[in-house]
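Chain by chain, the residues run as shown.
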Amino acid sequence: MESPANEQVRAGEIARDAIEFARLSCLNDIEGLELDKQVEEFILDMGGKPALKGYHPSFSKKPYEWTICLAVDEDVVHGVPFKLVTPSNVITIDLVVEYDGWFADTARTFTYSKSLSKKRFVENSANIFSAALEMIIPQQVIDLYSMTIEEGAEMFGYGVVNEYCGHGIGKKIHMPPQVCNTQTRNNDVFQVGKSYAVEPVLASKPTYSLSNKPNDGFSVKANCLVSHNEDTVFVGRSGMVNLTGNQ
């Protein structure tokens, strides 16, 4: 397969634009449920389907009921949108779009805070992710991507939250293989003709602890700031195409 399916390309475009819409919606205080509603309407207006809504992950006893996963400050991933979002937060929006049976998954961490420490953490996390994306080339071992994340995190004094990893994606949200953010010492490669959701989750401390919130079955909290950036990429013979990145 030389190029991604047109349907997945469109899913990626909608997902990318939905993230940007959500980012702009957070310029002022907004309730998470209102943000979720607005993003859902945006995706539907663009002809996509909010694929997380009704999705039942293996780790939960119940399906997810919302369009976005929302994390602020010490929240990790899979956060339900029950919180007030303020520009001073470190904010992560994670969403999946389906278009005609194909999926694209993306997340961005950002902040409008005046705090230098928050701004540096967000910026450094994005730079680590960008450097790791450069390592995704046809038939390249996945461990080179993972090593880039590890080394970038170590350089800035961050931790890699290796409880979470990326995955294959296409006509299902989650497909083999896992794309770990720390080295696995195996010979798995980025295969030509496949799409991957790559998603480093970083903690602002080199060592961290996680705790589940018992009430919703999804949210996880850390003892420090956390970032989560994600793109859906396609590996073709001539190189990687970022389906959810800036075009």
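Refer to the structure above for everything that follows.
As a starting point, this report considers the structure included with it.

Criteria and cut-off values
Numbers given for residues are sequential positions, taken from 1 along each chain in its written order. Confidence filtering applies because this is a predicted model: local features only for residues at pLDDT of at least 70, side-chain atom pairs given and counted only at 80 or more, and all residues used for totals across whole chains, interfaces and linings. Computation of side-chain values covers all heavy atoms of the structure but excludes hydrogens and water. Numbering goes from the N terminus for both helices and strands, where a helix is a DSSP run of H or I of at least four residues and a strand is a run of E of at least two. How far a helix is expected to stretch is found by multiplying one less than its residue total by 1.5 Å. The criterion used for residue contact is that any of the two residues' heavy atoms lie within 4.5 Å. Any residue under 20% of the maximum accessible area for its type is buried, any over 50% is exposed, and the rest in between are partly exposed; the area is computed with a 1.4 Å probe on protein chains only. Distance and chemistry together define a polar contact, namely a pair of N or O atoms within 3.5 Å, with one atom able to donate a hydrogen and the other to accept it when in protein, and with adjacent residues in sequence counting only for side-chain atoms on both sides. The rule is short: rings of Phe, Tyr and Trp, with Trp giving its six-membered ring, pair when the centres are within 6.5 Å, and they are stacked under 30 degrees, edge-to-face over 60, tilted in between. The rule for pairing is simple: two strands pair if DSSP sees at least two bridges between them.

What follows deals with helix H2 (residues 32–45). The end-to-end C-alpha separation of H2 is 20 Å, in line with the 20 Å expected for 14 residues at 1.5 Å each. In this fold, the buried residues of H2 make contact with helix H1 (6–25), strand E1 (30–31), strand E2 (49–50), strand E3 (68–72) and strand E5 (90–99). Phi turns positive, to about 90°, at glycine 47, one or two residues after H2.

This next bit is on the side chain of threonine 106. Mapped onto the elements of the fold, threonine 106 is located in strand E6 (residues 102–111). Since its relative accessible area comes to 1%, threonine 106 is described here as buried. A distance of 2.8 Å separates a polar atom in the side chain of threonine 106 from the backbone oxygen of glutamate 230. For threonine 106, the residues in contact, after removing those within four places along its chain, are Ala15, Arg16, Ile19, Ile93, Asp94, Leu95, Glu230, Asp231 and Thr244.

Here the focus is the packing of aromatic side chains. A complete count under the given rule lists nine aromatic pairs for this structure. With 5.0 Å between their ring centres and 85° between their planes, tyrosine 64 and phenylalanine 218 make a pair best called edge-to-face. Highlighted residues: tyrosine 64 in the loop between E2 and E3 and phenylalanine 218 in the loop between strand E12 (210–212) and strand E13 (220–222), separated in sequence by 154 residues. The class for tyrosine 64 is buried, based on a relative accessible area of 4%. Each ring, one from phenylalanine 110 and one from tyrosine 112, has its centre 5.9 Å from the other, and the planes form 65°; the classification is edge-to-face. Put simply, the rings of Tyr64, Trp66, Phe82 and Phe218 touch in pairs and so form one group of aromatic residues.

Helix length check: helix H4 (residues 142–156) (15 residues) gives 22 Å between terminal C-alpha atoms against 21 Å at 1.5 Å per residue, within 8%. Within the span of H4, buried status applies to Ile142, Asp143, Tyr145, Ser146, Thr148, Ile149, Gly152 and Ala153. Following H4 by one or two positions, glycine 157 has its phi on the positive side, about 75°.

Moving on, we come to the pairing of strand E10 (residues 194–198). Note on strand geometry: in a regular strand, side chains alternate between the two faces of the sheet. With four of five residues buried, E10 is to be regarded as a mostly interior element. In the sheet, E10 pairs with strand E15 (residues 231–236) via five bridges, with the strands oriented antiparallel. Looking at the pairing, tyrosine 196 lines up with valine 233 of E15.

So far we have only geometry, and geometry alone does not tell us how the molecule works.
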